[in-house]
Amino acid sequence: MNTFYTTTSIPYASQKPHIGNTYEAILTDAVARYHKLLGDDVYFLTGTDEHGEKIERLAEAAGVTPQQFVDTVTAELRHEWDACMVEPDDFIRTTEQRHMDIVKRMFKKLYDQGDIYKGAYEGWYCVPDEAFYTDSQVVKAESGHVCPDCGRPVEKLKEETYFFRLSAYADRLAAHIEAHPEFIQPESRKNEMVNGYVKPGLQDFSVSRTSFTWGVPVEFDPGHVMYVWVDALSNYITALGYDPDGKSGELFEKYWPCDVHILGKDVLRFHTLYWPGMLMALGLPLPRSIYGHPWYLMNSDKMSKSRGTAIYASELAERYGVDCVRYYCLREMPVSRDGNISHELLASRCNTDLANDLGNLASRSITMAEKYFQGDVYPEETPENEVLALCAASKDRVKGAMDGLSTQLALTEAMSPVVRANRFIDETSPWILAKDPGKAEDLKGVLYTLLETLRNASVTLYPVMPLAMGKLRAQLGLPEVPVWEETPPKGFSVKRGENLFPRIEL
RNA sequence: CGCGGGGUAGAGCAGUCCGGUAGCUCGUCGGGCUCAUAACCCGGAGGUCAGGGGUUCAAAUCCCCUCCCCGCAACCA
């Protein structure tokens, strides 16, 4: 049996995640469910990044401890995930003891072997903005260096910090990226990483801070806490029970290396350069692939809580149903640019595809099966026709698209037999066949074709819409959870239930 | 010459790698059907595929140039 390990990036627990953040969890969940259908031994990990200065400050402002603060945010996040039927095998928080214990020993090991060293980070600091800038970021004005954001003068600041020696792994990493075209996906992002960072030369990066305390302590140097990279990125192996001293647990031995890390384009750099560098230093195999997805925008604008333009998955799921939200997110995200989401767009897409095409096909097909044959449709011979041929062909194409994480294409393909079947009804006019007792077998063939189209869709769409497809399968008299290679049955015993996708009225 | 992405019907998008009558959804106009969630099916109108040049029998698709929009530009998650 193949194993399949997939992860989301772990969101920063600084605020409740909006639909744009939740999209990633939905995508990863659908990928995990798809591989489960294929029969793979799947492990799906997600979690939260809970340390850092920003959280320390937000907690202080809220008058709570940082731990209380992240407990609240992480609970909100899990509520969002739950509302979308995102069901990971494990959920890791970087403030958990099991994580911190391992991270501390990892850090020490890297330090002992010389991959982490003490140095100083020099930069520019804008006091009013409380922001650091690098040499290349600050604007050089006549009056001296000024803040690129607000234009006020910045001060030179020097902070003692530990660095990870990424430069030592630059050549190996460049060679790996070159030799494994699938390592960074999609390809346009790979080019961005290579041209933007690898070719100019990879520099060491800072892995500790002395300016705040809410982090994993560097035990051999009090005053330092770990900065985000070592702490957060390592969640992918600490959750599996990795042991820097060579006694890693069963899960780690079974699932590492990861098959695909799924994350936003904004953090792709850290996952494709920093993280592999650290893994090389630890002597561990690199993840097989890393996929950077675009973002969802609200009316072509970045979602912002403060501007009131954020949409939350839980609200959408409550209003329109979890299946609609999952379907929309995975159907509408374009391949190579940011997607748009709004109530209007979601309602339009779901009404067209789910209510009018799929839901209505189920409704009319099952109703006819009950009306004409009391729900039992067992033709003497399994029919062969264009619609059934399309079902088989489309399923293969769905598989190809899902393997490449192209959910937009996968869903378009999965829906194509449904659209074709609606036309098939007009072409065959079953209500006319029903008036002629001598055409009973023809009528059975037509209804079988329709029900088999629905069964096929219940498999190909199951990873994206587990709830609704489970209900559809129940109406078709099939087990609620399918397997990908399900054999078409000789016939169907159906029973009409509630409408699968009620039309959305705004 | 910093890097990358985008600019295709009123709106939102696919097609561009592997040139060959420009496609999908919504909207709109007309027709059909009555099994169905006022859903389904057929047809019409609507695009010089950002602009210019080149290659070719043929270019949205390949090459060159220009314009516009967006993201990134190293320690921000």
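Please read these numbers as outputs of a predicted model, since none were measured by experiment. (Residues numbered from 1 in each chain as written. Chains lettered and ligands numbered in written order. Predicted model: local features only at pLDDT ≥ 70, side-chain atom pairs only at ≥ 80, totals over all residues. Heavy atoms only, no water.)

**Thoughts on the overall build of chain A**
Convention followed: The way it works is that DSSP assigns letters per residue, a run of H or I at least four long becomes a helix, a run of E at least two long becomes a strand, and they are numbered from the N terminus. Contact definition: two residues touch when any of their heavy atoms are within 4.5 Å. Only the protein chains shown count as covering a residue, and every accessible area follows the Shrake-Rupley method with a 1.4 Å probe. Asp and Glu are treated as the negative residues and Lys and Arg as the positive ones, with His and the ends of the chain left uncounted. Where a charge sits is defined by one atom per residue type, namely NZ (Lys), CZ (Arg), CG (Asp) or CD (Glu).
Within chain A, the regular secondary structure consists of 18 helices and 18 strands. Projecting the C-alpha coordinates of chain A onto the three principal axes gives extents of approximately 90 × 50 × 40 Å. Restricting the contact set of chain A to residue pairs at least 6 apart, pairs at least 24 apart contribute 76%. Of the accessible surface of chain A, which amounts to about 22,000 Å², a share of 48% is contributed by carbon and sulfur atoms. Of the charged side chains in chain A, 53 are positive and 73 negative; the average position of the first set lies 2 Å away from that of the second.

**Concerning the sheet that holds strand β14 (residues 290–293)**
Inclusion rule: If DSSP finds at least two bridges between two strands, the strands pair.
With parallel pairing, 6 strands are arranged side by side in an open sheet as β3-β2-β1-β13-β14-β9. Each edge of the open sheet carries a strand with a single partner, namely β3 (90–93) and β9 (184–185). Bridging between strand β2 (residues 41–48) and β3 involves 4 bridges; their strand directions are parallel. Bridging across to β3, Gly47 finds its partner in Ile92.

**Structural notes on unusual backbone geometry**
Residue Pro186 is bonded to the preceding Gln185 through a cis peptide linkage, with omega at -10°. As for its position among the elements, Pro186 is in the loop between β9 and α6 (187–198). Following Trp256, the chain continues to Pro257 via a peptide bond in cis, the omega torsion being 5°. In this structure, Pro257 sits in the loop between α9 (250–255) and β13 (260–264). Of note, Met85 is a non-glycine position whose phi angle comes to about 55°, a positive value. Looking at the element boundaries, Met85 is found in the loop between α3 (66–83) and β3.

**Observations concerning the packing of helix α14 (residues 386–403) against helix α17 (residues 440–460)**
This is how the line gets drawn: The axes are straight lines fitted to the C-alpha atoms, using for helices just the contacting stretch, and the angles between their N-to-C directions are given from 0 to 180°. Convention used here: angles under 35 degrees read as roughly parallel, angles over 145 as roughly antiparallel, angles from 65 to 115 as roughly perpendicular, and any remaining angle as oblique. For this classification, the nonpolar set comprises Ala, Val, Leu, Ile, Met, Phe, Trp, Tyr, Cys and Pro, the charged set comprises Asp, Glu, Lys and Arg, and every other residue, Gly included, is treated as polar.
Two elements in contact, α14 and α17, have axes whose closest approach is 10 Å; the angle formed by their N-to-C orientations is 5°. Looking at the two axes, α14 sits roughly parallel to α17. Between α14, through Val387, Leu388, Cys391, Ser394, Lys395 and Val398, and α17, the contact on the second element is made entirely by Tyr448, Thr449, Glu452, Thr453, Asn456, Val459 and Thr460. Of the residues belonging to the contact of α14 with α17, the class tally is 6 nonpolar, 5 polar and 2 charged.

**Topic: the environment of Gly321**
With respect to the element layout, Gly321 can be found in the loop between α11 (313–320) and α12 (322–332). Spatially, the C-alpha atom of Gly321 lies 8.5 Å from that of Phe501, the residues being 180 residues apart in sequence.

**With respect to the packing of aromatic side chains**
The relative placement of two aromatic rings is captured by the distance of their centres and the angle of their planes. Counted only if it meets this: Centres within 6.5 Å make a pair out of two Phe, Tyr or Trp rings, where for Trp the six-membered ring is used; the pair is then stacked when the planes are under 30 degrees apart, edge-to-face when over 60, and tilted otherwise. Burial classification: accessible surface area is computed with a 1.4 Å probe over protein chains only, and a residue below 20% of its type maximum counts as buried, one above 50% as exposed, and the rest as partly exposed. As a reminder, the over-ring test applies to NZ of lysine and CZ of arginine, requiring each to be within 6 Å of the ring centre and within 35 degrees of the ring normal.
Enumeration over the complete set of coordinates arrives at 23 aromatic pairs. Between Tyr162 and Phe220 the ring centres are 5.8 Å apart and the planes differ by 85°, which places this aromatic pair in the edge-to-face class. Linking Tyr162 in strand β8 (residues 155–164) with Phe220 in the loop between β11 (208–209) and β12 (225–226), this pair joins segments that are 58 residues apart in sequence. Classification of Phe220 as partly exposed rests on a relative accessible area of 29%. Between the aromatic rings of Tyr448 and Phe492, the centroid separation amounts to 5.6 Å while the plane-to-plane angle is 50°, which identifies the pairing as tilted. Placement of Tyr448 in helix α17 and of Phe492 in strand β18 (residues 492–493) is noted, with a sequence separation of 44 residues between them. For Tyr448, a relative accessible area of 1% puts it in the buried group. The exposure class of Phe492 is buried, given its relative accessible area of 1%. Put simply, the rings of Tyr5, Tyr43, Tyr236, Tyr242, Phe252, Tyr255, Trp256 and Trp275 pair up and form one aromatic cluster. Here Lys16 stacks its cationic end above the ring of Tyr312, 4.2 Å away from the centre of that ring.

**Points about empty space enclosed by the protein**
Rules: Two kinds of site are reported from a 1 Å grid over the protein atoms alone, namely cavities, where a 1.4 Å probe fits but cannot get out, and pockets, open sets with protein on both sides within 12 Å along at least five of seven lines, and residues are called lining when an atom falls within 4 Å of a point. Grid points are joined across faces, edges and corners, and a volume is the space filled by probe spheres set on the points.
Evaluation of the coordinates by the stated rule reveals 1 cavity of 30 Å³ or more. Residue lining of the largest cavity: Gly359, Ala362, Ser363, Ile366, Gln475, Arg496, Glu498, Asn499 and Leu500, and that is the complete set. Considering each element in turn, the lining of the largest cavity owes the most residues, 4 residues, to helix α13 (residues 343–373). Classifying every residue of the lining of the largest cavity gives 3 nonpolar, 4 polar and 2 charged.

**A word on the confidence of the model for chain A**
Convention followed: Per-residue confidence from the predictor is given as pLDDT, running between 0 and 100.
Chain-level pLDDT for chain A is 89 on average; 92% of the residues reach the 70-or-more range. Model confidence for chain A, summarised as mean pLDDT per element, is weakest for strand β6 (residues 139–141) at 62 and strongest for β18 at 98. The complex model carries a pTM of 0.92, and its ipTM stands at 0.85.

**A word on the environment of Ala468**
Checked against the element boundaries, Ala468 lands in helix α18 (residues 466–475). Owing to a relative accessible area of 3%, Ala468 belongs among the buried residues under this scheme. The sequence separation of Ala468 and Leu173 amounts to 295 residues, and the corresponding C-alpha distance is 44 Å. Those residues in contact with Ala468, other than ones at most four positions away along the chain, are Asp323, Leu500 and Phe501.

**A few points about the pairing of β2**
Selection criterion: Look down the strands so they point away from you; if the path from the first strand over the helix to the second goes clockwise, the crossover is right-handed.
Within β2, 8 of the 8 residues are buried, which leaves the element mostly enclosed by the surrounding structure. A two-sided burial pattern is seen for β2, the buried positions comprising Asp41, Tyr43, Leu45 and Gly47 on one face and Val42, Phe44, Thr46 and Thr48 on the other. Summarising the sheet, strand β1 (residues 3–8) and β2 pair through 5 bridges and their orientation is parallel. By the bridge assignment, Thr7 is partnered in β2 with Leu45. Note on the crossover from β1 through helix α1 (residues 19–38) to β2: the handedness is right-handed.

**A look at a negative patch on the surface**
Basically, it comes down to this: Residues enter a patch when their relative accessible area is above 30% and they make no salt bridge; the linking distance is 9 Å between like charges and 5 Å between nonpolar side chains (Val, Leu, Ile, Met, Phe, Trp, Tyr). In what follows, salt bridge is the name for a side-chain nitrogen of Lys or Arg lying within 4 Å of a carboxyl oxygen of Asp or Glu.
Taken together, the side chains of Glu380, Glu381, Glu384, Glu441 and Asp442 make up a negatively charged region of the molecular surface. If you trace the backbone, Glu441 turns up in helix α17.

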